[in-house]
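# Structural features, examined
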Amino acid sequence: MPPRSVRVPKRPSSISTPVSSSRLRQSYLAIYSITRSLSTTPRRTNSHFNRSDFGGQPFSGIYEPGQPTQGPLGGTSNVGNPRITPRMLKEHLDQFVVGQEKPKRVLSTAVYNHYQRIHEVQRQDDEYEELMQQHQRREMVHRHPVEDEFPGQRPSVHLHAPGYVPPPPPPPLQDDTPLTIEKSNVMLLGPSGVGKTLMAKTLARVLEVPFSMSDCTPLTQAGYIGEDVEVVIQRLLAAANYDVSKAEQGIVCLDEIDKIATARVSHGKDVSGEGVQQALLKIIEGTTVQVQAKSERSSPGRQHGSMSSPGWTPHGGGGQGGMGGQQPPGGKNEVFNVRTDNILFICTGAFIGLHKMILDRVSRGSIGFGAHVRASNPDTANPHDTNIKGNINDELFRKHLPFFTPSDGPDKEATYNTLDMVEPADLQKYGMIPELIGRIPISCALSSLDEEALVRVLTEPRNALIKQYEQLFSLSGIDLRFTSPSMREIAKAASGMGTGARGLKTVLERLLGDAMFETPGSATKFILVTEAVAKRLRKPVYFPRGQSQTLQNLVLQEEEEWERRKQGGSSDEGEEKAHNFQEFREKAIAAGQY
């Protein structure tokens, strides 16, 4: 039998035949052409501007490092929008200090300018450092690889071509140093207890620069028993946690600067007066002070409730003061060099008796019927009161005031602060040397507090005395109340002490001394201070728990009586004083004494 034939199946034909491959290639080309046409088609945007609107340039301004900015931002500030303003600082002072509008404006402006000056100095230093780096990079391009790295090699000899032309003569000397803004130190004058130290301490709680306060009373000349003047910089350095760069931008408050006035000594040197003033000259103007590290136990720490905003820092850090008792980083024997060129100095002083010198200078030559009459017995009034009331001598006072004051009207009695008319000659006559006066260009006077201002001090500030005593009694579960006439009597008693707002605490301690001893732990729930209590005619009124309605009735009765007296004008008013010789003569004739 013949063999059977077996059919072997053929392998399927491949896809990559010439016809199919050509069709696939055409498909790819078609897809590529479609995507390319879609990508090159200009997209429509919502912008109303085209590139041609800027003259063929893609941007409206050009920025080159190290060159002035062009375009719309060319006239803007180099340091940006300030985060603090003088108005913000004054609004913060208004929460703690009553009245004193002009001193608060002057001090807020001085602190703000100090911030701006620090920013400008830092910007100039950064700009100079960048220019020096650019100069070094240019020198590295043309450096000699052998002469610069191997100083022992002979320098190369450069041969000049036959047509060599000598270089031109050097240009004249030019000083390219940038404009420097000098600092303006501040002096605050005013009687005791008007808020000089309080204003400085209030700003110290919110300022994010090192701040230190030093009393000028223990300062003596170098080599004598007492504190040297360099201790004011040492305290500032301790407040900056021994960071020299932060301390060189801080603020120093010199309290009681009038205590270093020149004293007339019969023999020897005035080591605590003129000697201290001479030592302060270079420190206030600007010099390098060598400070030895010491452990400052009384270094002021950060107060509770301080406004620590990152935007308030001129260079992004630096608090008010270091931790109490912090040790210096390098040990006790380390010496720090601190420059005082950028340190702001705020000087405060009472200058008792200065207003009499100013009045003698202002009223010199004014005699006759229109002359101002000085009190023959100064003990009858407050000797520390620097305010003068009266609209008869308006022209005389306005002539000597260093600033413009709007008129209050012909019918309203004007009030002037004698210390506003202070001149350098008056301070020099008081005992300050002219070199020190010239280094403190800004002087501002604080007015003495009258009865109305003392009532506001009791109630309006954030840490008012009434609020303090109410909080103190509330810790024992006792509610303390004051009536309006009682606060008026407290202010009246404090105004006669001549110590300003400090007299309010003295009066309150005398009134509430027995209550603070008797009421804690007793059944007393309410304590009421009435007008009779403020006049020391009776003890404070105690009410047990459950008699709140009786308390309210008594308070309401006294408040209504006080309102009737105010409207009827039945309050005791002193006789009006004579402001010139003519009024004095008329009053004396009417009284039968002339």
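Residues numbered from 1 in each chain as written. Predicted model: local features only at pLDDT ≥ 70, side-chain atom pairs only at ≥ 80, totals over all residues. Heavy atoms only, no water.

As named in an unreviewed UniProt entry, the protein chain is ATP-dependent Clp protease ATP-binding subunit clpX, taken from Tothia fuscella.

Each strand in a sheet pairs with its neighbour through backbone hydrogen bonds, running either in the same direction (parallel) or in the opposite one (antiparallel). As summarised here, the arrangement of the three strands in space is β10-β11-β12, forming an open sheet in which the pairing is mixed. Each edge of the open sheet is held by one strand with a lone partner, namely β10 (479-482) and β12 (541-544). Neighbour to neighbour, the strand axes of the sheet diverge by 20° on average, direction disregarded. Note: strand β11 (residues 524-529) against β12, four bridges, orientation antiparallel. The partner of T524 across the bridge, within β12, is P544. (Pairing = 2+ DSSP bridges. Helix = DSSP H or I, 4+ residues; strand = E, 2+ residues; numbered from the N terminus. Axes fitted to C-alpha atoms, helices over the stretch in contact; angles between N-to-C directions.)

Let us look at helix α15 (residues 502-518). Between its terminal C-alpha atoms α15 stretches 25 Å, which fits the 24 Å expected from 17 residues at 1.5 Å a residue. The set of residues buried in α15 consists of G503, L504, V507, L508, L511, L512 and A515. (Expected span 1.5 Å × (residues − 1). Buried < 20%, exposed > 50% of the residue type's maximum accessible area, 1.4 Å probe, protein only.)

On to the nonpolar core, then. Judged by nonpolar contacts, the single largest core of 55 residues is most densely connected at L458, L480, F482, I490 and L504. Every residue in contact with I490, bar those within four places of it in the chain, is listed here: L458, F482, L504, V507, L508, L511 and A534. Residues F351, I358, L419 and L427 belong to the second largest nonpolar core, which totals 49 residues. (Core = buried A, V, L, I, M, F, W, Y, C linked by side-chain atoms within 4.5 Å. Contact = heavy atoms within 4.5 Å.)

A separate point is unusual backbone geometry. If you check the backbone angles, Y242 has positive phi at about 60° while not being a glycine. Mapping Y242 onto the fold places it in the loop between α5 (231-239) and α6 (244-247). On the basis of relative accessible area, Y242 is assigned to the buried category, the value being 7%. Phi is positive for E256, close to 55°, though the residue is something other than glycine. By secondary structure assignment, the location of E256 is in the loop between β3 (251-255) and α7 (274-285).

With that settled, consider the pairing of strand β5 (residues 335-339). Judged by which residues are buried, β5 turns out to be one-sided: F336 and V338 face inward and are buried, whereas V335, N337 and R339, on the alternate face, are not. Bridge count between strand β4 (residues 288-292) and β5: five bridges; the pairing is antiparallel. Looking at the pairing, Q292 lines up with V335 of β5.

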